Structure formats: C-alpha cells, structure tokens
Amino acid sequence: MDQPLIDIKDVRHAYKTDKGPLPVLDGLTLSVPEGGFVAVVGPSGCGKSTLTRLIAGLMIPDEGEVWLHGKRVKGPRSTVGMAFQNPVLLEWRSILRNVMLPLEIVATGMSKKDQEDRARYLLSLVGLSGFEDKRPSELSGGMRQRASLCRSIVHKPEVLILDEPFGALDAFTREDLWQTMHKVKEKEPFTGVLITHDLRESIYLADQVVVLSGRPARTQHVLDVPDPGPRDIETLYTPQAAEMLATLRHQIQIAQGRAPEEATA
Amino acid sequence: MNVRSFAIPLIATVIFLLFWELLVWANGWPNYLMASPSDLPAAYERYWNLFLVMGWQTLWRTVVGLLLAVLFGLLLGMVMGFSRTMRDALYPLLVGFNAIPKATVVPIVALLFVGAHDFNTILIAFMISFFPIAVSVSIGLSTLEPEYRDILRSLGASKMTIFWKIALPKTLPEFFGALKVAVTLAFIGTNLMEIVSPHGRGLGALFDSGKTNADYPLMFAVLIALAFLGILLYYIVVALEKIFAGWAERPAG
C-alpha cells in the first residue's frame, strides 16, 4: 500500500494553563494520500486549529507522531502552505508582492522574473488578473481570500492547510470560491487539509470528511465522498448529498454530546 | 500641491495676525506689555544673526535628542513588544518616569552637568520624547496577529526575517504617529533647558535675554521662530511618514 503523504498517528496534546493541563487532542488519527483532500469538521473549540499547527510543524504534540512524506515532523518546514479565515495580507505590499512573499523565504532557485510570472499566473487562475498592483485594502473580502490562496500555493507546497478560509465570506462569494478551489486543484494539484464548519463545503470540496469528537478531540467518524474531482454545485442537491449531510450532522450532534432526537427538537 | 491647499492655510495665518494686531491696538497695549505683529520685522532685522546662530543650535540639539529617542524608543519598544516579562517589568517604571514633569528634572540636570550645554539640552530633549515612541512600538509589536507570524514561521523563516518583513513595517504607522508627538515634545525639552541653563545657548537663551531686557518684540519673535522650526520638523516627519508608511493612509472619501 502507498504510504500516505500526511500521517497523523494517535496524537495527544494538552495545553498548559494556570488551572493545569487542558487536553485538546486525545487519540487523533488522520491520513491523507498524495493528492488527497481531507476536510475536518467538528464542534467549535474541539482542537481543529491545533491540528493545523501540528501539521505545519508550528508545535510538537505531547504524544503520538506526525509524519509528512515519510519524514517525522519536528519543526516548521517550507513544504507547507497555509491560508486562514483572516487573509492576513500585508497592507504595504501590492497584491502581486503579497503572493510572492513565500518565494522570498523559501529557496526555490527561481529567478525574480520567474517568481513574478508564477505569481501572475496564479492570480489569473483565481480571477484576479488586473489587480496585481492594487493594495489589499482596495480589494473585497472574497478577492483578498483569493489572493491569500495564491500565496499559500505559490511555492508549490507538498501540503496545503486551509483553516476555515471561507468562514467569513457571504454565501454567494463562498460558493464562487469553492468553484475556484476545484479549478486551482485541477491546474495546481496539491494535498490538502481543510478545516471547516460548513458541512456542505466539506462534501463539496473534499474527497474524505473526518468528524472530530468534542474536546479533547479524537477521530470519531470518517466519511468517504464518492467521485472525487471537480464537481458542479448541483451535486449538493442530490439525494446522495443529502444523505451524506445527514450522516455528518448526526455525527456532529454526537460529538457535541447531544442525543440526536433532542437536538432536532 | 494645488492653489487651494496652499491658499487656505495662508489666509488663515493672515487673519490670525490681523486679529492679533487689532487686539494690541484696541487695548492700547504698550510694547513692554505685549508685542504686536508689526513689531516683529524690526526685531528680526535687529537680531537676524543671533536668530540664525541660536536657531541652528536649537534645531540640531532637538534633532539629535530626537534621533536618540527614536533609537532608544525603538529598542525599548522591541524588548517590551516581544517579551511579556520585560513588558510587565518595565511598564510601571516607564509610566512613573514619564509622570515626572521634565521641568523639574531640568534644574537637576543643569546642575549635575553644569557647563555642558549641548549634552544637557540633548539629554532633556531625549528624556522627554522617547516615551511615546517606546510605547507605540511595543503596542504595535505585541498586537501583531498570530496568523502573520504563523505564515512565515511555517515556511521556516527566522525571527529576524519575521521582524524585518512583517513586524517592523506593520508597526510603522504607530511609530510615525508617536514620532509626531515626540517632535513637539523634544522641542519643549530643548527650550526648557536653554531657558533655565545659565549662559545658555539656542533660541531659549535668546528668549531669556529678551525677558531680562523686557524686550517683548524679541520674545515674541523667538516664539514665532520656534513655531516655525516646529512646523518645519513636523512636516519633515509627515513627509517621511508618506514615504515609509503611506500605505496606511486610506484613500479620501
């Protein structure tokens, strides 16, 4: 069997607080094959963002192992790209120079010209041609998130970590960005982990959805989404999709510690 | 620069001078009570050389004091911005130090380093103006959103890279805001020392000699000269801000 690109094995972690240790992850297992796209859903505050920091190597778990491409993660690696709910673009840079930021830090061996060409190409891919020289403050929230997405993949990371990137957008903009994500994945294949609160988003974008239990989080349920690859927004309205959403909702309710009957009442 | 942005402040200044002239004339104040704008040209003409020499002394001491304040303020701000422990340790000390009116420190310093005019003056200009810079830089650095740091750290960037690429530029608007306050404060510091220090130099000393001789036109001429220097330095800071932190300005409208 192929070795998964991201392999998280039985990870446990607790934050140290004034009131003693606060366990956030308790037996989390997750593996993503190369080119796979896994969505992670779970109740609020269950440790989803901790998971992203573990994969990025920004923190080391108390117990368990995180493997990336056959190597144990022991610290930050340049082979990771990240995008957050807050697009955190640098206001003093143009959109183009914002997208080029990772290339200034990761040694790619690319010439300045090639770096710029790549950034321009990615911006055109997400529909931001003509906005290269604008400042972030001149763009709408959706456009900023598109630029943030370009920045996260400009250095061709092995792993793309998306921490609720569309969470703050309105419903229509969000659906636009879902389409963009499929387009980007087609042209610039990546292996990704998507943290989200939106169940529709999870089955629309990912090919596997992992439900985490409430804090401390462990892997509670894994749902495979059939027919990976680009899809149409209409697929969200099929009976098959409705069934998947129902399963996920049911699992979330269990994770929240509520009996389903009680929750639906 | 269009005509409007130049004409409006000019007209305002002329109106202000006219009003001042009128006030002195209507009250019939003699010259030894209050000078009027029409007395000033004579005062400038008579002491022009002194104004140039003293004005330069005041200016360079203020600028040196301010530069030291910027350097020290940045350093202190960085230390407090990056380390919580240092912030907790230094903040009360700083606030206490800042609460002491510098006018009370002036005679102490003047006696402590008697005769060292340049050193004394620069020291007071520095002491009075580093506080806002240190506070603004430390606040700017400590309120940096964690995502900024994470994006660069996940790429393996060093602390220095994060500081130069993100933390420093992000703090520049706050820094320049504080610098505008510090410029005026540094001027106050310089002049306090120049006035108090015996056999002092600079515009403050000129003001003091005007006071001794009850030469009101000279005293007011010094005040106007100080205001002029203050405006000059202030707008130099504004120009620097436009160059280095112009991005923070929102388009009008």
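Cut-offs used in this document
- Residues numbered from 1 in each chain as written.
- Chains lettered and ligands numbered in written order.
- Predicted model: local features only at pLDDT ≥ 70, side-chain atom pairs only at ≥ 80, totals over all residues.
- Heavy atoms only, no water.
- Helix = DSSP H or I, 4+ residues; strand = E, 2+ residues; numbered from the N terminus.
- Rg over C-alpha atoms; globule rule 2.2 N^0.38 Å.
- Buried < 20%, exposed > 50% of the residue type's maximum accessible area, 1.4 Å probe, protein only.
- Contact = heavy atoms within 4.5 Å.
- Areas by Shrake-Rupley, 256 points an atom, 1.4 Å probe, with all protein chains shown as cover.
- Lys, Arg positive; Asp, Glu negative; His and termini not counted.
- Charge placed at Lys NZ, Arg CZ, Asp CG, Glu CD.
- Pairing = 2+ DSSP bridges.
- Salt bridge = Lys/Arg side-chain N within 4 Å of Asp/Glu carboxyl O.
- Polar contact = N/O pair within 3.5 Å; in protein donor to acceptor, adjacent residues only side chain to side chain.
- Axes fitted to C-alpha atoms, helices over the stretch in contact; angles between N-to-C directions.
- Parallel < 35°, antiparallel > 145°, perpendicular 65-115°, else oblique.
- Left-handed = near helix turned anticlockwise from the far one by under 90°.
- Nonpolar A, V, L, I, M, F, W, Y, C, P; charged D, E, K, R; others polar.
- Phe/Tyr/Trp six-rings, centres within 6.5 Å; stacked < 30°, edge-to-face > 60°.
- Lys NZ or Arg CZ within 6 Å of the ring centre and 35° of its normal.
- Domains from an automatic or database assignment.

Student: I'd like a rundown of the overall build of chain A, residues and numbers included.
Tutor: Of the regular secondary structure elements, chain A holds eight helices and ten strands. Against the 2.2 N^0.38 benchmark of 18 Å for 265 residues, chain A shows a C-alpha radius of gyration of 19 Å, consistent with a compact globule. For the C-alpha atoms alone, the extent of chain A along its principal axes is close to 55 × 45 × 40 Å. Taking all 265 residues of chain A together, the buried fraction comes to 54%. Once local pairs closer than 6 in sequence are excluded, the contacts in chain A between residues at least 24 apart make up 69%. Carbon and sulfur atoms provide 50% of the accessible area of chain A, an area that totals close to 11800 Å². If the 32 positive side-chain charges of chain A are averaged to one point and the 35 negative ones to another, these points end up 6 Å apart.

Student: Can you lay out the sheet that holds strand 1 (residues 6-17) of chain A for me, pointing to particular residues and giving the numbers?
Tutor: In any sheet, the strands associate via hydrogen bonds between backbone groups, in a parallel or an antiparallel arrangement. Residue and element names in this part refer to chain A. As summarised here, the arrangement of the four strands in space is 2-1-4-5, forming an open sheet in which the pairing is antiparallel. Strand pairing shows two members of the sheet lacking a second neighbour, strand 2 (20-32) and strand 5 (71-72), which therefore form its edges. Note: strand 1 against strand 4 (residues 63-68), five bridges, orientation antiparallel. Considered in strand 4, the bridge of I6 is made with L68.

Student: How would you sum up the interface of chain B and chain A? Please name residues and give values.
Tutor: Listed per partner, the contact involves 18 residues of chain B and 25 residues of chain A. For A:R53, the salt bridge identified is with B:D150, shortest N-O distance 2.6 Å. Our count for the chain B to chain A interface comes out at four residue pairs in polar contact (both at pLDDT 80 or more). Taken together, the elements giving at least two residues each to the side of chain B that touches chain A come down to helix 7 (146-153) and helix 8 (159-196) of chain B. For the side of chain B that touches chain A, the element with the highest residue contribution is helix 7 of chain B, accounting for six residues.

Student: Give me the side chain of B:D150: which residues, what numbers.
Tutor: Mapped onto the secondary structure, B:D150 falls in helix 7. Those residues in contact with B:D150 that sit more than four places away from it in its chain are A:R53, A:L58, A:M82 and A:F84.

Student: Describe the packing of helix 2 (residues 95-105) of chain A against helix 3 (residues 112-125) of chain A, and please don't skip the residues or the numbers.
Tutor: Residue and element names in this part refer to chain A. Between helix 2 and helix 3, the least distance of the axes is 9 Å, while the angle of their chain directions is 120°. By the angle class used here, helix 2 and helix 3 are oblique. As helix 2 runs across helix 3, the sense of the crossing is right-handed. Contacts between helix 2 and helix 3 pair I95, L96, V99, M100 and L103 from the former with K112, Q115, E116, A119, R120 and L123 from the latter. Tallied by class, residues from the contact of helix 2 with helix 3 come to seven nonpolar, one polar and three charged.

Student: Residues and numbers for the packing of aromatic side chains, please.
Tutor: Across all of its chains, the model carries 15 aromatic pairs over all chains by this definition. Arranged with centres 5.4 Å apart and planes meeting at 20°, the rings of B:F126 and B:F130 form a pair that is stacked. Of this pair, B:F126 and B:F130 both sit in helix 6 (residues 117-142), four residues apart, roughly one helical turn. On the basis of relative accessible area, B:F130 is assigned to the buried category, the value being 6%. Members of the aromatic cluster, connected to one another through ring pairs, are B:F72, B:F97, B:F126 and B:F130. The aromatic ring of A:F190 is capped on one face by A:K185, whose charged end is 5.1 Å from the ring centroid. Positioned above the aromatic ring of B:F97 is the side chain of B:K102, whose terminal nitrogen or guanidinium carbon lies 4.9 Å from the ring centre.

Student: Run through the side chain of A:R93, naming residues and quoting values.
Tutor: Position of A:R93 among the secondary structure elements: in the loop between strand 6 (80-84) and helix 2. A polar atom in the side chain of A:R93 sits 3.0 Å from the backbone oxygen of A:R97. Beyond its immediate stretch of four places on either side in the chain, A:R93 contacts A:N98, A:L101, A:E104, A:K134, A:R135, A:P136 and B:K165.

Student: Can you explain the pattern of salt bridges? Please cite residues and give values.
Tutor: A pair can form between side chains of opposite charge whenever their charged atoms are brought close. Residues and elements named next belong to chain B. Summed over all chains, the structure comprises 19 salt bridges over all chains. Here D118 ties to R61 by a salt bridge, and the two come within 3.1 Å at their closest N and O atoms. Taken together, the positions of D118 in helix 6 and R61 in helix 3 (residues 48-82) put the pair 57 residues apart, joining distant regions of the chain. Residue classification places D118 among the partly exposed positions, given a relative accessible area of 28%.

Student: Can you tell me about the packing of helix 3 of chain B against helix 10 (residues 216-245) of chain B, naming the residues and giving the values?
Tutor: All names here are of chain B. It is the contact of helix 3 with helix 10, at a shortest axis distance of 11 Å, that shows an interaxial angle of 40°. If you check the angle between helix 3 and helix 10, you find them oblique. Judged by the sense of rotation from one axis to the other, the crossing of helix 3 with helix 10 is right-handed. Here F51, G55, T58, L59, T62 and V63 of helix 3 lie close against helix 10, whose contacting residues are L218, A221, V222, A225, L226, L229 and L233. Looking at the contact of helix 3 with helix 10, its residues break down into ten nonpolar, three polar and no charged.

Student: Break down unusual backbone geometry for me, with residues and values.
Tutor: With the exception of glycine, the majority of residues adopt a negative phi angle, and the majority of peptide bonds are in the trans configuration. Residues and elements named next belong to chain A. The phi dihedral of D10 is positive, around 45°, even though this residue is not glycine. Mapped onto the secondary structure, D10 falls in strand 1. Not every positive phi belongs to a glycine, and E164 is a case in point at roughly 45°. Mapped onto the elements, E164 comes out in the loop between strand 7 (159-163) and helix 5 (171-187).

Student: Outline the domain arrangement of chain B, listing residues and values.
Tutor: Taken domain by domain, chain B comprises domain 1 (1-30) and domain 2 (39-248). Between the C-alpha centres of domain 1 of chain B and domain 2 of chain B there is a distance of 29 Å.

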